[in-house]
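For reference, the chains in residue letters:
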Amino acid sequence: MGQTTWHWLVIIYLFLGGLGAGAFLVAAVFELSGRHDREKFCPTTLTGATISGPAVALGSLLLILDLGAGNVQPWRMIYLLSLIHICRCRRTTPRISGG
């Protein structure tokens, strides 16, 4: 059996996902521990909370591009994340008129 090789895009989005999750967990542990040395906000908590969101968002975008959804029809990514699509998926039962 041959060795599996991953290209650079897979490595980057896995790294960004791990970085974001790790930063969020470290920030949560520091915040929930209640140890604020001499400052109102712990710098580690602020840094972790600031890094985690963009890292996971960028990693998710790279994952979508790697799966091929962004190469063929890039407008579908915007539609996937739009509020209109979420509202359309939420309505599962048809409306019945009373007349």
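First, a word on what this report is: a plain description of the structure on this page.

A word on the side chain of Thr 45. Tracing the chain through its elements places Thr 45 in helix α2 (residues 43-66). Other than its neighbours up to four places away in sequence, Thr 45 contacts Ala 27, Phe 30 and Glu 31.

Taking 1.5 Å of rise per residue, the 24 residues of α2 would be expected to cover 34 Å, and the 34 Å separating its terminal C-alpha atoms lies within 8% of that figure. The inward-facing, buried residues of α2 abut α1 (8-33). Trailing α2 by a residue or two, Gly 68 shows a phi angle of about 100°, which is positive.

Okay, α1 next. An ideal rise of 1.5 Å per residue puts 38 Å on 26 residues; α1 measures up with 37 Å between its terminal C-alpha atoms. Buried within α1 we find Leu 9, Val 10, Tyr 13, Leu 16, Gly 20, Ala 23 and Ala 27. The secondary structure elements touched by the buried residues of α1 are α2.

What counts, and where the lines are drawn
Residues numbered from 1 in each chain as written. Predicted model: local features only at pLDDT ≥ 70, side-chain atom pairs only at ≥ 80, totals over all residues. Heavy atoms only, no water. Helix = DSSP H or I, 4+ residues; strand = E, 2+ residues; numbered from the N terminus. Contact = heavy atoms within 4.5 Å. Expected span 1.5 Å × (residues − 1). Buried < 20%, exposed > 50% of the residue type's maximum accessible area, 1.4 Å probe, protein only.

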